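Residue-level structural notes
Given next are the chains, with one letter for each unit.
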Amino acid sequence: MKLAEWVRRNGVHPQTAYCWFRAGIMPVPARSLPSGTTMVEVADDAQHGQVVGCTRVSAVDQRADLDRQVARVTAWVTGQGVAVSRVVTQVGSALSGRRKQFLGPLRDPAVSTIVVEHRDRFARFGAEYVAVAPAAQGRRLVVVDPAEVDDDLVRDVTEILTGLCARLYGRRAAANRASRAVATATVEDES
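Because the structure is predicted, anything quoted here is derived from the model rather than measured. (Residues numbered from 1 in each chain as written. Predicted model: local features only at pLDDT ≥ 70, side-chain atom pairs only at ≥ 80, totals over all residues. Heavy atoms only, no water.)

What the protein contains, in helices and strands, is 8 helices and 6 strands. Along the chain direction, N to C, the helices and strands of the protein fall in the order α-α-β-β-α-β-α-β-α-β-α-β-α-α. Counting the 191 residues in the protein, one finds 30% classified as buried. Of the contacts made within the protein by residues no fewer than 6 positions apart, 61% connect residues no fewer than 24 positions apart. As presented, the protein carries roughly 11700 Å² of accessible surface, and 53% of it is formed by carbon and sulfur atoms. (Helix = DSSP H or I, 4+ residues; strand = E, 2+ residues; numbered from the N terminus. Buried < 20%, exposed > 50% of the residue type's maximum accessible area, 1.4 Å probe, protein only. Contact = heavy atoms within 4.5 Å. Areas by Shrake-Rupley, 256 points an atom, 1.4 Å probe, with all protein chains shown as cover.)

Note that A178 resides in helix α8 (residues 174-190). Discounting chain neighbours no more than four positions away, the residues touching A178 are T158, L161, T162 and C165.

Pairing of strand β3 (residues 50-57) with strand β4 (residues 86-91) involves 6 bridges; the strand directions are parallel. Residue pairing for β4: V57 is matched across the bridge by V91. As for the winding sense of the linkage, the β-α-β connection from β3 through helix α4 (residues 63-79) to β4 is right-handed. (Pairing = 2+ DSSP bridges. Right-handed = clockwise from strand over helix to strand, strands pointing away.)

The tally for this structure, following the rule as stated, stands at 3 salt bridges. Taken together, the salt bridges that share partners define one network made up of D65, R68, R72 and E117. (Salt bridge = Lys/Arg side-chain N within 4 Å of Asp/Glu carboxyl O.)

And the structure:
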């Protein structure tokens, strides 16, 4: 396939891929045609590897939403004409870096495609960095609905404060402490 198509499928910036090609460090074999077109050799087993759906909710009381996420991800993948190998479900924070259920498909070389519904389902922050790791191995991390989640600064700060307060004070009152901290900060800014 052409380098431009490989870039679109793997979420790599075109300049980065071209620099990798010139330096000879492409994660997949690539060659230049006499016409100047760069062709990337994609192995058949990478295209037909396992497709894993990943779903996550933050709290146990959101399990019903977890089931709906599984249904939506599975329906989207099968709508693309691909079979889902398995679906990984998890109840936990997106800020935690120790999520075994999500790290499993990232580590498994047999998994060619990881499908999530929204960007914040696999990583609230640094999602771009997480997406590049599989792309460097010729695998893909697909976000079904990237427009759903907006980058709301207040929501991001609230989630960071909730995570930090939970670690410092315990899980029970973390959300209340975070909302009070945000309220205090906004009152001080208005003064």
